[in-house]
Amino acid sequence: MSLPGSFVRAWYEWQHLPVISVARGEESLDKIIYGLEHLGVYTLGQKAIEGEKLYPVEAAFGRLSELEAIEAELENCSASESVKGEIKNHIETTRTLLIELTRLS
């Protein structure tokens, strides 16, 4: 199965995100970071690359809803703006990849 270039770019960008570093005093982000790490995006991408369509596409729609909840939680947390910006970048990159996954159907 040939994957669209937009998916490949989104996958590459997501794979090369920097690790989120949280300083002491930013513990309010633990749940948010945990949520981002446990969306299962890597597994969805791998399944799509392996040629499976149905599961990754359907699951990506659900993960987009979860991502919105994580983003709302980020807006309400007391973290510094610089750390929030770093996490927002992760959220946007993840959202782009999930949207690309939904388009594989």
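Residues numbered from 1 in each chain as written. Predicted model: local features only at pLDDT ≥ 70, side-chain atom pairs only at ≥ 80, totals over all residues. Heavy atoms only, no water.

Participant: How would you summarise the side chain of Thr-94 if you had to cite specific residues and measurements?
Facilitator: The topology assignment puts Thr-94 in helix H5 (residues 81–102). Separated by 2.8 Å, the side chain of Thr-94 and the backbone oxygen of His-90 make a polar contact. When neighbours within four sequence positions are excluded, Thr-94 is seen to be in contact with Trp-14, Leu-39, Val-41 and Leu-67. (Helix = DSSP H or I, 4+ residues; strand = E, 2+ residues; numbered from the N terminus. Polar contact = N/O pair within 3.5 Å; in protein donor to acceptor, adjacent residues only side chain to side chain. Contact = heavy atoms within 4.5 Å.)

Participant: Outline the pattern of salt bridges, supporting the account with residue identities and numerical values.
Facilitator: One pass over the structure, following the stated rule, counts five salt bridges. Among the salt bridges present, the one from Glu-81 reaches Lys-84, with a minimum N-O distance of 4.0 Å. Pair noted here: Glu-81 and Lys-84 are both in helix H5, with a separation of three residues, about one helical turn. As a salt-bridge pair, Arg-103 and Glu-100 come within 3.0 Å of each other at their nearest N and O atoms. Judged by relative accessible area, which is 57%, Arg-103 ranks as exposed. On the accessibility criterion, Glu-100 (8% relative accessible area) is buried. Here the salt bridges do not stand alone but share partners, grouping Glu-71, Glu-92 and Arg-95 into one network. (Salt bridge = Lys/Arg side-chain N within 4 Å of Asp/Glu carboxyl O. Buried < 20%, exposed > 50% of the residue type's maximum accessible area, 1.4 Å probe, protein only.)

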